[in-house]
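Coordinate analysis (summary)
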Protein chains: 2
Amino acid sequence: MADGSDDIQALVGLMARLPGLGPRSARRIVLHLIRKRAGQMSQLAGLLDRVAVNSRECVTCGNITDRDECAICTDPARATGELCVVQDVADLWAMERGRAFGGRYHVLGGTLSALDEIGPDDLGIPALIDRVEREKIREVILALNATVDGQTTAHYIADALADSGAAVTVLAQGVPIGGELDYLDDGTISAALRARRRL
Amino acid sequence: MADGSDDIQALVGLMARLPGLGPRSARRIVLHLIRKRAGQMSQLAGLLDRVAVNSRECVTCGNITDRDECAICTDPARATGELCVVQDVADLWAMERGRAFGGRYHVLGGTLSALDEIGPDDLGIPALIDRVEREKIREVILALNATVDGQTTAHYIADALADSGAAVTVLAQGVPIGGELDYLDDGTISAALRARRRL
Ligand SMILES: [Zn+2]
Ligand SMILES: [Zn+2]
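What you see is a predicted model, and the numbers here were worked out from it, not measured in a lab. (Residues numbered from 1 in each chain as written. Chains lettered and ligands numbered in written order. Predicted model: local features only at pLDDT ≥ 70, side-chain atom pairs only at ≥ 80, totals over all residues. Heavy atoms only, no water.)

Turning our attention to the overall build of chain A. A tally of helices and strands in chain A yields seven helices and seven strands. Along chain A, helices (α) and strands (β) appear in the sequence α-α-α-β-β-β-α-β-α-β-α-β-α-β when read from the amino end. Summarising its shape, the C-alpha atoms of chain A cover approximately 65 × 35 × 35 Å along the three principal directions. Looking at chain A residue by residue over its 199 residues, the buried ones come to 53%. Summarising the internal contacts of chain A: among those between residues at least 6 apart in sequence, 54% fall at separations of at least 24. By element, 48% of the accessible surface of chain A is carried by carbon and sulfur atoms, the whole surface being about 9200 Å². For chain A, the distance from the average position of its 22 positive side-chain charges to the average position of its 28 negative side-chain charges is 9 Å. (Helix = DSSP H or I, 4+ residues; strand = E, 2+ residues; numbered from the N terminus. Buried < 20%, exposed > 50% of the residue type's maximum accessible area, 1.4 Å probe, protein only. Contact = heavy atoms within 4.5 Å. Areas by Shrake-Rupley, 256 points an atom, 1.4 Å probe, with all protein chains shown as cover. Lys, Arg positive; Asp, Glu negative; His and termini not counted. Charge placed at Lys NZ, Arg CZ, Asp CG, Glu CD.)

Glancing now at the pairing of strand β6 (residues 167-170) of chain B. The two faces of the sheet receive side chains in turn, since in a regular strand these alternate between them. Residues and elements named next belong to chain B. Pairing between strand β5 (residues 139-143) and β6: four bridges, direction parallel. Paired with I141 across the bridge in β6 is T169. Viewed along the sheet, the connection from β5 through helix α6 (residues 148-160) into β6 turns out right-handed. (Pairing = 2+ DSSP bridges. Right-handed = clockwise from strand over helix to strand, strands pointing away.)

Now for the interface of chain B and chain A. On the chain A side, the residues contacting the 56 residues of chain B number 57 residues. The contact between chain B and chain A buries some 5400 Å² in all, and 69% of this surface belongs to carbon and sulfur atoms. Considering only the side of chain B, the residues that lose the most area to chain A are P19, L48 and W93 of chain B, jointly responsible for 13% of the buried surface there. Our count for the chain B to chain A interface comes out at four salt bridges. Linking R50 of chain B and D7 of chain A is a salt bridge whose minimum nitrogen-to-oxygen distance equals 2.8 Å. (Buried area = accessible area lost by both parts, 1.4 Å probe. Salt bridge = Lys/Arg side-chain N within 4 Å of Asp/Glu carboxyl O.)

All names here are of chain A. As enumerated under the stated definition, the model contains two aromatic pairs over all chains in all. Relative to Y105, the ring of F101 has its centre 5.3 Å away and its plane inclined at 65 degrees; by these criteria the two rings are edge-to-face. You'll find F101 and Y105 in the same group, each marked buried. (Phe/Tyr/Trp six-rings, centres within 6.5 Å; stacked < 30°, edge-to-face > 60°.)

Moving on: the domain arrangement of chain A. Annotation of chain A at the domain level lists domain 1 (6-54) and domain 2 (78-170). Placing a centre on the C-alpha atoms of domain 1 of chain A and another on those of domain 2 of chain A gives a separation of 35 Å. (Domains from an automatic or database assignment.)

With that settled, consider the UniProt feature "zinc finger region: C4-type" (unreviewed entry) in chain A. Those places that UniProt annotates as "zinc finger region: C4-type" (unreviewed entry) correspond, in this numbering, to residues 58-73 of chain A. As annotated, residues 58-73 of chain A has a helix share of 0% and a strand share of 12%, and its two end C-alpha atoms lie 8 Å apart. (UniProt positions renumbered as here; feature names shortened; annotations may be inferred.)

Turning our eyes to something else, we now look at the coordination of the zinc ion (ligand 2). Residue and element names in this part refer to chain B. Protein-derived coordination of the zinc ion (ligand 2) comes from C58 (SG), C61 (SG), C70 (SG) and C73 (SG), at a distance range of 2.3 to 2.4 Å. One can describe the donor arrangement at the zinc ion (ligand 2) as tetrahedral, given that its four donor atoms subtend angles of 105 to 118 degrees at the metal. All donor residues of the zinc ion (ligand 2) come from one chain, and their arrangement in sequence is C-x2-C-x8-C-x2-C. An identical accessibility class is assigned to C58 and C61; each is buried. (Donors = N, O, S within 2.8 Å, 3.2 Å for Na, K, Ca; no water. Tetrahedral: all angles 85-135°; square planar, octahedral: opposite > 155°, others 65-115°.)

All names here are of chain A. C58 (SG), C61 (SG), C70 (SG) and C73 (SG) make up the full set of protein donors to the zinc ion (ligand 1), lying at 2.2 to 2.4 Å. Coordination at the zinc ion (ligand 1) is tetrahedral: its four donor atoms span angles of 104 to 118 degrees at the metal. Sequence positions of the residues that donate to the zinc ion (ligand 1) give the spacing C-x2-C-x8-C-x2-C. One end of the pair, C58, is in the loop between β1 (56-57) and β2 (64-65); the other, C73, is in the loop between β2 and β3 (82-86), with 15 residues separating them in the sequence. Taken as a pair, C58 and C73 share a single burial class, namely buried.

The subject of this paragraph is the pairing of β5 of chain B. Residue and element names in this part refer to chain B. Counting buried residues in β5 gives four out of five residues, a clear majority hidden from the surface. As judged from the five bridges shared by strand β3 (residues 82-86) and β5, these two strands associate in the parallel manner. In the strand pairing of β5, C84 is matched with I141.

Following the sequence through the fold, D91 of chain A ends up in helix α4 (residues 89-98). For the buried D91 of chain A, no salt bridge is present, and the opposite-charge side chain at shortest range is R24 of chain B, 7.1 Å distant. When neighbours within four sequence positions are excluded, D91 of chain A is seen to be in contact with V86, N145, L181 and D182 of chain A.

Residues and elements named next belong to chain B. Taken together, the buried positions of helix α5 (residues 125-134) are occupied by I125, L128, I129, R131 and V132. Summarising the axial view, the buried residues of α5 lie within an arc of 160 degrees, below the 170-degree limit, and thus occupy one face. Residues of α5 that are exposed and point more than 90 degrees away from the buried face comprise E133 and R134. Looking at the buried side of α5, the elements it contacts are β3, β4 (104-107), β5 and α6. Immediately downstream of α5, the backbone of K136 shows phi near 50 degrees, a positive value. (Arc of directions from axis to C-beta.)

In this section: helix α7 (residues 186-194) of chain B. Residue and element names in this part refer to chain B. Listing the buried residues of α7 in full gives T188, A191 and A192. Taken end-on, α7 shows its buried residues confined to a sector of 100 degrees, consistent with a single buried face. Across from the buried face of α7, at angles greater than 90 degrees, the exposed residues are D186, L193 and R194.

This brings us to the pattern of salt bridges. With the rule as written, the count across this model stands at 12 salt bridges over all chains. A salt bridge links D88 of chain B to R35 of chain A; the nearest nitrogen and oxygen atoms lie 2.8 Å apart. A residue pair is termed interchain when its members come from two chains, as with D88 of chain B in the loop between β3 and α4 (89-98) and R35 of chain A in helix α2 (residues 23-35). Overall, D88 of chain B belongs to the partly exposed group, its relative accessible area being 21%. The class for R35 of chain A is exposed, based on a relative accessible area of 51%. The salt bridge partner of E135 of chain A is R131 of chain A, with a shortest N-O separation of 2.9 Å. When its relative accessible area of 1% is taken as the criterion, R131 of chain A is described as buried.

This is how it looks when you write it as structure tokens:
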């Protein structure tokens, strides 16, 4: 495309590979940014750069943070003895938006999957068991997606924690079948958390 | 959201305001970038910064470029005497992807609109008339959107160029390649029927 800037085309190409975007939406975004460049574009570049440099996984829970341990893990008010297990950081964010949970998290980073050859060790489930014991967790809330792999993973973790002394609960029905947490409105998540039951 | 980084939330907020994105898609993109940060995120930050610093409008045609005059305006092979008038740089890019046009462009930056109080001067139509005369343009191709405002603008420009000696043409209307009749609006079908040709 002869528009005098390889950088613009490289930017469109990079944007087009982001999740949910394609060439057309990437072009629209880049043109939008160029029109407003005095403000948004430099700001976006600066933030991306800072986040790229600073972001890492919390060593305790797997949340994304700019320190070794995230703000949730270091907040003494959240040492409630409740641990919420989520598949992904996006799900942790969704739970936080619901504002119904006051404990801490454990991010698995995926679900068990025979097809993709993802086993308990890949998800750090042994580390989760250790953590439950070490932190004397009273309740483990499994907030996994209502998919086959999510539910398989929930049952595996419940079995593995059977002798830990911690109660294992799951979010209430209300999460639609096949539904993913990150798609739910905040009220649904709060209601499902309040009505959680023993697995 | 207590995830230990205001920058991440600021980045999500900025992304969510981009055209076609919202909070959810912005969160997905930011998490995706953080996971791949070694590669994509710094690269994206660098490109955004370079494009923000370097991009400007071609002084002749309004295309986006990193020089005073864009690669199309400075390419002697494209001095064909044909000038294609488009509403937006996105439309110029679309024409270039079609690889069917070998002349130069004029980007209006909008259409006439009584509602939004956009008149001929706002779109630089006097400058277009001057340019047609100065560059001895033989044919002006109006590649404007098939909307009411687009067509109003096309007719206004055709009238304004009536004494210029340049032929004024418009893109043919019809069934798009691969288009199914059942999915087309009635206006398109009528236009295609009126412009029917012998096979
Ligand atoms: Zn943490
Ligand atoms: Zn130009």
